[in-house]
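A closer look at the structure
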Amino acid sequence: MTDARNWKIGLSDCCMPEASMSEKFRLYAENGIEYMEISRGQNQQFLDLDFDEIKLLMQKYPQVKVWSVHLPFCPFSKINLASLDEELVKYSVEYYKRGIDRVASIGVKTVVIHPSGEPIREEDRPMRLETAKTSLARLAEHAAQYGAVIAVEALPRTCLG
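Notes on the structure follow. (Residues numbered from 1 in each chain as written. Predicted model: local features only at pLDDT ≥ 70, side-chain atom pairs only at ≥ 80, totals over all residues. Heavy atoms only, no water.)

Brief notes about the environment of Pro-115
Relative to the helices and strands, Pro-115 is located in the loop between strand S4 (110–113) and helix H5 (125–144). Classification of Pro-115 by relative accessible area gives buried; the value is 3%. Separated by 82 residues in sequence, Pro-115 and Ile-33 place their C-alpha atoms 28 Å apart. Excluding residues within four positions of it along the chain, Pro-115 makes contact with Leu-81, Ala-82, Ala-132, Leu-136, Val-152, Glu-153, Leu-155, Leu-160 and Gly-161. (Helix = DSSP H or I, 4+ residues; strand = E, 2+ residues; numbered from the N terminus. Buried < 20%, exposed > 50% of the residue type's maximum accessible area, 1.4 Å probe, protein only. Contact = heavy atoms within 4.5 Å.)

Next up, the structure:
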């Protein structure tokens, strides 16, 4: 059995939206937070991330490990691995592959992804679930090239997962 007294502390950086990435690393290090998830819900927020800066901060603060990067999940009309629109699914898979490439470039091995957007009607769930499984399998294969894994976020409401 794992002793909870030995658990490491981790925190998503989205809890400090006003702080710069440099401030976040410094504050994590000063407060004994050993693991960081970098999370950007919106597409543009992710595209604006400076992965070169993050890599330098990882070197400057080796006690803070970027455990995961959460890829964007909205707007659902533009990113949705379980859409009924085949073109949107194709775009979403390719978009996430590029995201995985960026994450892998800094040595992070865990990529968090939402398996769907919402709302999902009950009658659409079986088809959307199959679409999501196919999409996620393609992404897992892509991530494996880097020794990385896809972590599918468990979601509430009508979302898949």
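Digging into the side chain of Ser-12
As for its placement among the helices and strands, Ser-12 is situated in strand S1 (residues 10–12). When residues no more than four places from it in sequence are discounted, the contact partners of Ser-12 are Tyr-28, Glu-37 and Ser-39.

Observations concerning the sheet that holds strand S3 (residues 65–70)
Taking strand neighbours across the sheet as the criterion, the five strands line up as S1-S2-S3-S4-S5 in an open arrangement whose pairing is parallel. Strand pairing shows two members of the sheet lacking a second neighbour, S1 and strand S5 (149–152), which therefore form its edges. Neighbouring strand axes in the sheet, compared pairwise and without regard to direction, differ in orientation by 25° on average. With five bridges joining them, strand S2 (residues 35–39) and S3 adopt parallel strand pairing. Bridging across to S3, Tyr-35 finds its partner in Lys-65. Set on the sheet, H5 makes contact with S4 and S5; between it and S5 the angle comes to about 145°. (Pairing = 2+ DSSP bridges. Axes fitted to C-alpha atoms, helices over the stretch in contact; angles between N-to-C directions.)

Points about the pattern of salt bridges
Going through the model one piece at a time under the given rule, you end up with 10 salt bridges. In this structure, Lys-97 and Glu-94 form a salt bridge, with 3.6 Å as the shortest nitrogen-oxygen distance. Residue Lys-97 and its partner Glu-94 are both found in helix H4 (residues 86–104); the two are separated by three residues, about one turn of the helix. Here Arg-157 ties to Glu-118 by a salt bridge, and the two come within 2.5 Å at their closest N and O atoms. With Arg-157 in the segment after S5 and Glu-118 in the loop between S4 and H5, this pair connects stretches of sequence that are 39 residues apart. The network of salt bridges with common partners includes Asp-13, Lys-24 and Arg-40. (Salt bridge = Lys/Arg side-chain N within 4 Å of Asp/Glu carboxyl O.)

A word on the nonpolar core
The tendency in soluble globular proteins is for nonpolar side chains to be buried as a group. Core analysis: the largest hydrophobic core is formed by 35 residues, its most contacted members being Phe-25 and Ile-113. Those elements that place two or more of their residues in this core are helix H1 (21–30), S2, helix H3 (51–60), S3, H4, S4 and H5. With six residues, the top contributor of residues to this core is H4. Excluding its chain neighbours within four sequence positions, the residues that come into contact with Ile-113 are Leu-71, Leu-81, Tyr-96, Leu-136, Leu-139, Ile-150, Ala-151, Val-152 and Glu-153. (Core = buried A, V, L, I, M, F, W, Y, C linked by side-chain atoms within 4.5 Å.)

Some points on the environment of Ser-83
Inspection of the secondary structure assignment puts Ser-83 in the loop between S3 and H4. Remark: the alpha-carbon pair of Ser-83 and Gln-42, spanning 41 residues in sequence, is separated by 18 Å. In this structure Ser-83 touches Leu-88, Val-89, Arg-128 and Thr-131, once residues within four positions along its chain are discounted. A distance of 2.9 Å separates the side chain of Ser-83 from the backbone nitrogen of Asp-85, its partner in a polar contact. (Polar contact = N/O pair within 3.5 Å; in protein donor to acceptor, adjacent residues only side chain to side chain.)

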